[in-house]
Amino acid sequence: MQRIAWKYYPRQQDHNTEQNREKSPASVQLQLMMSSSFNIFRVGISFVIMCIFYKSAVDSLSELSPQKYFSTLQPGKASLAYFCQADSPRTSIFLEELNEAVTPLQDYGISVAKVNCVKEETSRYCGKEKDLMKAYLFRGNILLREFPTDVLFDVNAIVAHVLFALLFNEVKYITTLEDLQNIENALKGKANIAFAYVRAIGTPEHRAVMEAAFVYGTTYQFVLTTETALLESIGNEDIENAHLYFFHCKQVLDLTLQCRRTLMEQPLTTLNIHQFIKTMEAPLLTEVTEDPQQVSTIHLQLGLPLVFIVSQQATYEADRRTAEWVAWRLLGKAGVLLLLRDSLEVDIPQHANVVFRRAEEGVPVEFLVLDDIDSLISHVESNVHVEEIQEDEDEDTKSPNMDVQDDEVAETVYRDRKRPLPLELTVELTEETFNTTVVASDSIVLFYAGWQAVSMAFLQSYIDLAIKLKGTSTMLLTRVNCADWSDLCTKQNVTEFPVVKMYKEGKNPLSYAGMLGTEDLLKFIQLRISCPVNITSVQEAEEYLSGELYKDLISYSSVSVLGLFSPNMTTAKEDFTEAGNYLKGYVITGIYSEEDVLILSDKYAATLPALLLSRHKEGKIESIPLANSHAQDIIQIITNALLETFPEITVENLPIYLRLQKPLLILFSDGSINPQYKKAILMLVKEKHLDSLTPCWLNLKNTPVGRGILQSYFDTMPPLPLLVVVNLHSGGQVFAFPSDQPITEQNLLLWLKKLEAGLENHITILPAQEWKPPLPAYDFLSMMDAAASQHPTRKDPECTKETDVQENDKKQHEDKSAIIKEPIETLRIKHWNRSNWFKEGEKSFRHDNKEL
């Protein structure tokens, strides 16, 4: 068991997490069954998590003192406790994942509590800093198991590890083929085996296996492995995916014979495993004499078809052997029955030897003539596949280009098309209600097209935003479907979809040009305060720089910008004010130009005019001179200053750093990076050795796509941590820091000098082709105009002159797009023009920022 702790995978997040959390009626039924059928396993479990304090309100977690918590522990009572020490701040990621685990753990009788430690607390669980990185599993007051908290990296890992420790008798972990053979031999004639391979402990597949073991653990022996060699030794070379085998050992009485094995072909989810095991429990072959249309078996209830082998008295024995052979071949895919023609009241065509019945109600049975077993198997498998497709597809709503666009956004929208959205949380506007609504209240308006995939994908994020702001915001969230109100959208300068604009009385509408996601849009709305803020005293300026003045907004803007000006610097103040207005919604800006401004300039060694940048996370303030800087210069200065020195690269922020047009120095890590590595890189940054590079790091737990990136660089997954230089903009070369050398300041500097001198060999060269959509983008507005021109009786809309407000909005939107709006990239690393990799390419790296 010791080696298991290190074989886990990162968090799986994605665009799919919200969908995965939804419970279908079937999953709810399964959870009820799991909860009720295994009360005997609800022994007292107390799972104590040691953490560093994060100040956050988590409604689902009951909060107790250590003394109160331990006094509530009773035999037979399961509890998961999270201890927090108030003087050690930390991110909320683990707390959020633990909160997500509350409901599934309660399904297994394990409650969850948050325990608040104080400095005077003497409990060992509120002890030294180094002790706060472990998790403790208890039964009553007895310690069962302890884990490093980074093993519990998400809700799946938490549930999987807790159940794994609880079900140590029901689930055997093995590493060799000999272990598997020993278990198999011991259970022949006694019990069947459910053997699972998962790529790592703590993955969603591991959790699904544990949940199945919780239900079926007393009926079958569950066996688990993460060893690829063991999977390959039983004949399966697909090591990239999780697998489940059912070993039919109970009916094997001869110890020299091998147990039959049935592979589950569906993905390892709780419901799929449940369905698979139910088909394994069903009789292999059933004899029937009634009408095939009236027969009902567990297979039909699980959505599987039935295959009737037609027999008669003269050939009964041979037909039965054939039917048994077919049943083994189709086990888990269809139910097989032997239909006795002689005693059947319903007539069956004389030439038919097989009757096929689909799972759907009302579909007539098929009478088939098949010459061999392979033809029968092929017919069944092909029809089962068709049924799966037809279950999810609705030809009336399917996009006409869905099959050829190969568009992940369109695919996601189509997959989620039946997911109900609480659209009532936003106000739908029309041409008649638009002006009165936006004039009456401060409003956020989403302009979208109901037939466009990107619009519909973003509509889901917009509704999520409405859920987050429900009851807490004075902004009215509204939406306009431009497919219905094209004239209205044209009047509001909407030339692309989707677009979000903020309307405030007496001011020009402000266009949102950030990432199309809930969190970024939430930040934009929360930072809607009028900028720059006019600071009137030195004391107020100090409160502003410390974060106290707008402490509620610090989580949305970790940097505050203060402009310092003498009272007579009119032009400089106007330029800064213009820049502050432009950056509204992205960063907090303030201005101070009182007579005593020299007090601040002297304290922070700033030459007027100047910017003071207060970085709240680092707790430091730096000054930047603004002499001869115009509005656009100030915008660029502030935008660059917002970038981190050594950032964690994510899908969302990658475009920002690609815009710098420098090679990436990336440290790939499977979790948090070693502080010594960070210290070495930051020292090189401070000494100006990395000015020609963009140093960054990528956490594979937070950004799993990093594994695909590394696998594109190397033939096999390399050991981590790993430092590479990726030369995107001029040549596409990828260089890897020697894995046998420690990452120190001296070693890294020597390696970089060899790279610059051309003394290091690249490990690969990225191909030079461009990334383009599989099909050209649609010009939807032109298509709409063309459609309108085909109706001669329809009056063409008049081309009216736009108002000054609209012109200003358009200009503001276009200018803003050039500086703030980022090209939407993914983490598949791109390529540069081929030239010296320390020089900029002759052509700038540009992408159409209208594409998602």
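The following paragraphs examine the structure supplied in this document. Just so it is clear, the structure is predicted and the values come from calculations on it, not from any experiment. (Residues numbered from 1 in each chain as written. Predicted model: local features only at pLDDT ≥ 70, side-chain atom pairs only at ≥ 80, totals over all residues. Heavy atoms only, no water.)

1. Here we look at the packing of helix α17 (residues 453-469) against helix α19 (residues 518-526)
Right, on to step 1. Direction vectors running N to C along α17 and α19 enclose 50°, while the axes themselves pass 9 Å from each other. Considered as vectors, α17 and α19 are oriented oblique to each other. Relative to α19, the crossing made by α17 is right-handed. Together, F458, S461, Y462, D464, L465, K468 and L469 of α17 and T518, E519, L521, L522, I525 and Q526 of α19 make up the contact between the two elements.
Right, on to step 2. When its residues are assigned to classes, the contact of α17 with α19 shows 7 nonpolar, 3 polar and 3 charged. (Axes fitted to C-alpha atoms, helices over the stretch in contact; angles between N-to-C directions. Helix = DSSP H or I, 4+ residues; strand = E, 2+ residues; numbered from the N terminus. Parallel < 35°, antiparallel > 145°, perpendicular 65-115°, else oblique. Left-handed = near helix turned anticlockwise from the far one by under 90°. Contact = heavy atoms within 4.5 Å. Nonpolar A, V, L, I, M, F, W, Y, C, P; charged D, E, K, R; others polar.)

2. Let's talk about unusual backbone geometry
Right, on to step 1. The linkage connecting F497 with the following residue, P498, adopts the cis geometry, with an omega of -10°.
Right, on to step 2. Its place among the elements puts P498 in the loop between α18 (486-491) and β20 (499-503).
Right, on to step 3. A positive phi angle is found at Q661, which is not glycine, with a value near 60°.
Right, on to step 4. Relative to the helices and strands, Q661 is located in the loop between α24 (654-658) and β27 (664-669).
Right, on to step 5. Even without glycine at this site, K688 takes up a positive phi of about 70°.

3. Quick word on the sheet that holds strand β18 (residues 443-448)
Right, on to step 1. If you trace the 5 strands from one edge of the open sheet to the other, you get β17-β19-β18-β20-β21, paired in mixed fashion. Two strands in the sheet have a free side with no partner beyond their single neighbour: β17 (427-428) and β21 (510-512).
Right, on to step 2. In this fold α17 packs onto β18, β19 (476-481) and β20, with an angle of close to 160° to the strand it touches most, β18.
Right, on to step 3. Docked against the sheet, α19 engages β18, β20 and β21, running at close to 160° with respect to β21. (Pairing = 2+ DSSP bridges.)

4. Notes on the nonpolar core
Right, on to step 1. Core analysis: the biggest nonpolar cluster contains 51 residues, and L105, L163, V171, F222, L224, L244 and I273 have the highest contact counts within it.
Right, on to step 2. Ranked by residue count, the leading element in this core is helix α8 (residues 204-216), at 8 residues.
Right, on to step 3. In contact with L244, not counting residues within four places along its chain, are A194, F195, A196, T262, L263, M264, L268, I273 and F276.
Right, on to step 4. One finds F576, L612, I624 and I634 within the second-largest nonpolar core, a separate group that totals 37 residues. (Core = buried A, V, L, I, M, F, W, Y, C linked by side-chain atoms within 4.5 Å. Buried < 20%, exposed > 50% of the residue type's maximum accessible area, 1.4 Å probe, protein only.)

5. Here's the deal with helix α10 (residues 270-281)
Right, on to step 1. Counted at 1.5 Å a residue, the expected span for α10 with its 12 residues is 16 Å, and the 17 Å between its end C-alpha atoms agrees.
Right, on to step 2. Here α10 has its buried residues at T270, I273, H274, F276, I277, T279 and M280. (Expected span 1.5 Å × (residues − 1).)

6. Here we look at the pattern of salt bridges
Where charged atoms from two side chains of opposite charge approach closely, those side chains can pair.
Right, on to step 1. For the structure shown, the criterion picks out 16 salt bridges.
Right, on to step 2. In this structure, R261 and E184 form a salt bridge, with 3.5 Å as the shortest nitrogen-oxygen distance. Of the two residues, R261 sits in strand β11 (residues 260-264) while E184 sits in helix α7 (residues 177-187), which places them 77 residues apart along the sequence.
Right, on to step 3. E184 sits in the buried class, given a relative accessible area of 4%.
Right, on to step 4. One salt bridge connects E519 with K468, and the closest N-O pair in it is separated by 3.4 Å. Taken as a pair, E519 in helix α19 and K468 in helix α17 lie far apart in primary sequence, 51 residues in all. (Salt bridge = Lys/Arg side-chain N within 4 Å of Asp/Glu carboxyl O.)

7. With respect to the packing of aromatic side chains
Right, on to step 1. Tallied over the entire structure, the rule returns 11 aromatic pairs.
Right, on to step 2. Residues F195 and Y245 carry aromatic rings whose centres are separated by 6.4 Å and whose planes lie at 35° to one another, so their mutual orientation is tilted. Taken together, the residues F195 in strand β8 (residues 193-197) and Y245 in strand β10 (residues 243-248) connect sequence positions 50 residues apart. An identical accessibility class is assigned to F195 and Y245; each is buried.
Right, on to step 3. Seen in terms of ring centroids, F565 and F576 are 5.5 Å apart; in terms of plane orientation they differ by 55°. Their pairing is tilted. Highlighted residues: F565 in the loop between β23 (559-564) and α21 (570-582) and F576 in helix α21, separated in sequence by 11 residues.
Right, on to step 4. By relative accessible area, which is 1% here, F576 ends up buried.
Right, on to step 5. Ring-pair connections join several aromatic residues into one group, and the members of that group are F195, Y245 and F247.
Right, on to step 6. Over the ring of W328 we find R260, and its NZ or CZ is 4.1 Å from the ring centre. (Phe/Tyr/Trp six-rings, centres within 6.5 Å; stacked < 30°, edge-to-face > 60°. Lys NZ or Arg CZ within 6 Å of the ring centre and 35° of its normal.)

8. A short note on the side chain of K573
Right, on to step 1. Relative to the helices and strands, K573 resides in helix α21.
Right, on to step 2. Of the side chains with opposite charge, E594 lies nearest to the buried K573, which makes no salt bridge, at 8.2 Å.
Right, on to step 3. If we ignore the near neighbours within four places in the chain, the residues touching K573 are F565, S566, P567, I591 and S593. (Lys, Arg positive; Asp, Glu negative; His and termini not counted.)

9. Some words on the sheet that holds strand β15 (residues 354-357)
Right, on to step 1. Pairing is mixed in the open sheet, where 5 strands are placed in the order β12-β14-β13-β15-β16. Here the strands that pair on one side only, and so sit at the sheet edges, are β12 (286-288) and β16 (366-368). The sheet shows a mean angle of 30° between the axes of neighbouring strands, direction not considered.
Right, on to step 2. Two strands pair when backbone bridges link them, and strand β13 (residues 306-311) and strand β14 (residues 335-340) are joined in this way by 6 bridges, in the parallel orientation. Bridged to V310 within β14 is L339.

10. Observations concerning the state of the cysteines
Right, on to step 1. The final tally for this structure, using the stated rule, is 2 disulfides.
Right, on to step 2. With a sulfur-sulfur separation of 2.2 Å, C249 is cross-linked through a disulfide to C259. Between C249 and C259 the disulfide shows an S-S torsion of about 120°. By sign, it is right-handed. Taken together, the residues C249 in the loop between β10 and β11 and C259 in the loop between β10 and β11 connect sequence positions 10 residues apart. Comparing C249 with C259 shows no difference in burial state: the two are buried.
Right, on to step 3. The partner cysteine of C482 in its disulfide is C489, sulfur to sulfur 1.9 Å. (Disulfide = S-S within 2.5 Å.)

11. Focus: the environment of L608
Right, on to step 1. Here L608 is to be found in the loop between α22 (597-603) and β25 (610-615).
Right, on to step 2. Looking at L608, the relative accessible area reads 17%, which means it is buried.
Right, on to step 3. Expressed as a C-alpha distance, the spacing of L608 and V597, which sit 11 residues apart in the sequence, is 9.1 Å.
Right, on to step 4. Not counting the four nearest positions on each side in its chain, L608 is found in contact with L564, F565, S566, M569, V597, L598 and S601.

12. Let's talk about helix α6 (residues 155-166)
Right, on to step 1. Across its 12 residues, α6 extends 17 Å between first and last C-alpha, which sits within 8% of the 16 Å expected from 1.5 Å per residue.
Right, on to step 2. Most of α6 sits out of view: 12 of its 12 residues are buried.
Right, on to step 3. Taken as a whole, α6 has its buried residues at V155, N156, A157, I158, V159, A160, H161, V162, L163, F164, A165 and L166.
Right, on to step 4. Its side-chain oxygen 3.2 Å from the backbone nitrogen of N156, D154 forms the N-cap of α6. (Polar contact = N/O pair within 3.5 Å; in protein donor to acceptor, adjacent residues only side chain to side chain.)

13. Brief notes about the pairing of strand β24 (residues 588-592)
Regular strands have side chains that alternate between both faces of the sheet.
Right, on to step 1. Most of β24 is tucked away, with 5 of its 5 residues classed as buried.
Right, on to step 2. Burial along β24 is two-sided: I588, G590 and Y592 facing one way and T589 and I591 facing the other are all buried.
Right, on to step 3. Where strand β22 (residues 533-534) lies against β24, 2 bridges are found, and the strand directions are parallel. When the bridges of β24 are listed, N534 appears paired with I591.
Right, on to step 4. Sheet analysis places β23 next to β24, joined by 5 bridges and oriented parallel. For V561, the partnering residue across the bridge sits in β24 and is T589.
Right, on to step 5. Between β23 and its parallel partner β24, the chain crosses via α21, and the hand of that crossover is right-handed. (Right-handed = clockwise from strand over helix to strand, strands pointing away.)

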